[in-house]
Amino acid sequence: MTATRTDVEPGPPRELLYRRRVGLVAAARELWASRELVWTLAERDYLARYKQAVLGFGWALFTPVALMVVFTVFFRRVADVDTGGAPYPLFSYLGLLPWTFFSTSISQGGLSLITNKMLLNKVYCPREVFPVSSVVVAGIDTAIALLALGALFVIYGFVPRLTSVWVPVLLLIQVTFTTSVALISSAVVVHLRDIRHALPILLQLGLFATPVAYGIDTIPAHLRGLYSVLNPLAPVIDGYRRTVLLGQQPAWDLVGLGGASSVVLLLVGYRLFKRLETGLADVA
Amino acid sequence: MLPEGAISARHVWKRFRADRSKRDLRDSMRRLKAQLGGRRTPWTWALQDVTLDVEPGDSVALLGPNGSGKSTLLKILTRVMYPYAGSVDVSGRVGALIEVRAGLHPELSGRENVYLYGTLLGLRRREVAKRFDDIIEFAELQQAVDRQVKFYSSGMQMRLGFAVAAFLEPHVLLVDEILAVGDASFQHRCTERMHEVLAQGTTLVFVSHDLAAVEATCRRGLWLQNGVVQADGPLAGVMGGYREWIDASAASGGTMDGIVRLRRTTVAPPRRDEVPRSHGPLDVELSIESPESTPATVCVGITEGTAAPIILLERQLHLAEGRTDVRCSIASLPLPRGRFYVWVVAYDVKRTLLPWQPAGSFDVVGPDLDRSPHGIVQLAPVHVETTWDEDRGDAIPSAPVRRLGSSRG
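Owing to the predicted nature of the structure, the values given are computational and were not obtained by experimental measurement.

Counting 114 residues, the largest nonpolar core has A:Leu245 and B:Leu63 as its most contacted members. In terms of residue count, the dominant contributor to this core is helix H4 (residues 88-109) of chain A (eleven residues). Leaving out residues up to four positions away in the same chain, A:Leu245 has contacts with A:Ala86, A:Leu90, A:Phe91, A:Leu94, A:Phe153, A:Phe158, A:Arg161 and A:Tyr240. In terms of nonpolar packing, the next biggest core, distinct from the first, is built from 27 residues, B:Leu262, B:Leu282, B:Leu286 and B:Val300 among them.

Printed below as a string of structure tokens:
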């Protein structure tokens, strides 16, 4: 047979070429229809982790609390952080919660398509369920880590301010941004495998590029707008501190920039994901 | 709009990279450089202009040797893969019976896995709950349902996966070689279940090397050869052509060449006017052509069709340059009635000389195996000649007879 010659191929006529067009609305609708699958996958990852680890759910608390202790003991010695009068452990923990959510989502979600490649090759489902369920798992972790926040409030005799009502708005931006990055990184990692080794380092750098241990005031005022566009977590974290600890409004201009940038990133990222998705089973 | 359960795949083309290099940044750079230099990346066609229209309720077998594009076509119908050109439309709920261990998580219990796997296959949790008892009963896992799946035997895992899929109630069912594993009694129930599903009007696309199972199940055949449709029509005709091709290619030697070539395989009893019988003699004769003089380990396996052998017979020998004839004589064949396949591999210290491949088949005349009791998985169909004695002493009226057998899980 000469059918599998590889040099000069006859090939299909041009007008037959398969074009997969998925509108974002149709994709989102399909994802919504698969919400039970997202939940089941998240549950699977959670149960599996819980059964393997002695500490179980305790791990969700361990990472942010350990970092908070490290920051409190060391970071404050070398850099004089202006917390606006709030206790530093509370100040840094409020930054660590969204950061840990983000970094867990990306480190798990970024590899989610690779770790599930057996399934990708066998079962059809909208592929974004894998990174999205990683974000859900990170969300459950964060909910558990909130316990330590409550403990800190008690220890320092500190009561959250009334302006905390703005937290859901900030949370929405945080989730939007995190989901976009998880989608993009997961699809890119499948096509360019060596990125996976760079992910942990990028996340390490991200911890210092984000106002977790320090405040956003460290950034010169005229650069804060650009900073918020590039790193929407910055105005979000700053917003948590202002509303919960200081009884202020969030810096709405920066939050707006960060929010807009997150939404754009989600649209671009989702589109990119859907485009790369077509070739997933060929390369995974 | 297609009616539910219909398949329409028109002029489907699919290609893969011929170089199969890893997908990382370094390779992408190299590829980019090659493209800028005007060289085109080489592609191999897996499917060329394949058209398959199936009416609701019809049953189609995809026939063809390994690498002919059957699984690729099935993956495209499942929407796991996308075609390079052409259009694919499958309407209604699509259920795919896949290699099941992919969907199971070893750390979770059987119960949790049923939900996980059901949701993966597109059921709602409510629907899984409704079918849960049926699924567990079909898989015969009532006792093990809350045990972690990593403590299941491979047979139990297989049953669990298939049972979930068997209760999907899809409009279109795609089956890829699923029945090739598992014990005979479970295979039998799977086939029965598949016929039940067919009777309800489900459309079936079936890939299997088990031609007997195909004949018992399908009405229509599509024969693929190197990604091109060779024949399409009523099963009997297509199957006839395919069988002729198998015989012709078997006569011209092995289908896959390694460093050495399998010129001819003969599987027959030493007296050529006889047929293979249980506990009778059988000779496997291989004619191997080698381009060089080399020591080699030749290994003959007898399987039920899949790559996993029941019996492995190995021999160190020396292949001469040119042709070497090897005969392996089995004095007594421990197999029950049925069709079996001879697989062959040859290797030396550092290389595979001939890849593991099917080289021939034979039918054994003899007794059937005893049916295994519920919940006991028989791994390999080996027939052992036995006599039983029952010694009923007067003092103990019901002396138990010890049964020999292996049960797992």
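What follows concerns the packing of aromatic side chains. Residue and element names in this part refer to chain A. For the structure shown, the criterion picks out 14 aromatic pairs over all chains. Seen from their ring centres, phenylalanine 153 and phenylalanine 158 are 6.1 Å apart, and the 20° between their planes marks the pair as stacked. Through pairs of rings, three or more aromatic residues link up here, namely Trp99, Phe102 and Phe177. For the cation-ring pair, arginine 35 lies above tryptophan 32, with the distance from its terminal atom to the ring centre recorded as 4.4 Å.

Residue and element names in this part refer to chain B. If you walk across this open sheet you meet the three strands as E2-E1-E4, and the pairing is antiparallel. Two strands in the sheet have a free side with no partner beyond their single neighbour: strand E2 (43-54) and strand E4 (85-90). Strand-to-strand twist of the sheet, defined as the mean angle between neighbouring strand axes without regard to direction, takes the value 30°. Across the sheet, helix H2 (residues 70-78) is in contact with strand E1 (7-17), E2 and E4; its angle to E2 comes to roughly 60°.

All names here are of chain A. The grouping of Leu223, Leu226, Val229, Leu230 and Leu257 at the surface amounts to a nonpolar patch, some 440 Å² of accessible area in total. In terms of residue count, helix H10 (residues 224-230) provides more of the nonpolar patch than any other element does, three residues in total. Mapped onto the elements of the fold, leucine 223 is located in the loop between helix H9 (195-209) and H10. Leucine 223 sits in the partly exposed class, given a relative accessible area of 38%.

A few words now on the pairing of strand E11 (residues 282-290) of chain B. Residues and elements named next belong to chain B. With respect to burial, E11 is a largely interior element, eight of its nine residues being buried. The sheet contact formed by strand E10 (residues 261-268) and E11 spans seven bridges and is antiparallel. Within E11, the residue paired with valine 267 across the bridge is valine 284. Bridge count between E11 and strand E14 (residues 322-330): nine bridges; the pairing is antiparallel.

Along H2(B), seven of the nine residues are buried, which leaves the element largely enclosed by surrounding structure. Trailing H2(B) by a residue or two, B:Arg79 shows a phi angle of about 75°, which is positive.

Moving on to the interface of chain A and chain B. Taken together, the contacts link 44 residues of chain A with 48 residues of chain B. Overall, the association of chain A and chain B removes approximately 4200 Å² of surface from exposure, summing both partners, and the carbon and sulfur fraction of that is 61%. Scanning the region where chain A abuts chain B turns up two salt bridges. The salt bridge involving B:Arg125 is made with A:Glu43; its shortest N-O contact spans 3.3 Å. Applying the counting rule to chain A against chain B returns five residue pairs in polar contact (both at pLDDT 80 or more). Elements with a minimum of two residues in the side of chain A that touches chain B: helix H2 (35-52), helix H6 (117-120), helix H8 (167-191) and helix H13 (280-283) of chain A. By residue number, the principal contributor to the side of chain A that touches chain B is H2(A), which donates eleven residues. Across the side of chain A that touches chain B, the residue classes tally to 22 nonpolar, eight polar and 14 charged.

All names here are of chain A. When you line up the elements, tyrosine 270 lands in helix H12 (residues 252-277). Judged by relative accessible area, which is 9%, tyrosine 270 ranks as buried. If we ignore the near neighbours within four places in the chain, the residues touching tyrosine 270 are Leu24, Ala27, Ala28, Leu31, Glu128, Leu183 and Leu265.

Criteria and cut-off values
Residues numbered from 1 in each chain as written. Chains lettered and ligands numbered in written order. Predicted model: local features only at pLDDT ≥ 70, side-chain atom pairs only at ≥ 80, totals over all residues. Heavy atoms only, no water. Core = buried A, V, L, I, M, F, W, Y, C linked by side-chain atoms within 4.5 Å. Buried < 20%, exposed > 50% of the residue type's maximum accessible area, 1.4 Å probe, protein only. Helix = DSSP H or I, 4+ residues; strand = E, 2+ residues; numbered from the N terminus. Contact = heavy atoms within 4.5 Å. Phe/Tyr/Trp six-rings, centres within 6.5 Å; stacked < 30°, edge-to-face > 60°. Lys NZ or Arg CZ within 6 Å of the ring centre and 35° of its normal. Pairing = 2+ DSSP bridges. Axes fitted to C-alpha atoms, helices over the stretch in contact; angles between N-to-C directions. Patch = residues over 30% accessible without salt bridge, like charges linked within 9 Å, V, L, I, M, F, W, Y side chains within 5 Å. Areas by Shrake-Rupley, 256 points an atom, 1.4 Å probe, with all protein chains shown as cover. Salt bridge = Lys/Arg side-chain N within 4 Å of Asp/Glu carboxyl O. Buried area = accessible area lost by both parts, 1.4 Å probe. Polar contact = N/O pair within 3.5 Å; in protein donor to acceptor, adjacent residues only side chain to side chain. Nonpolar A, V, L, I, M, F, W, Y, C, P; charged D, E, K, R; others polar.

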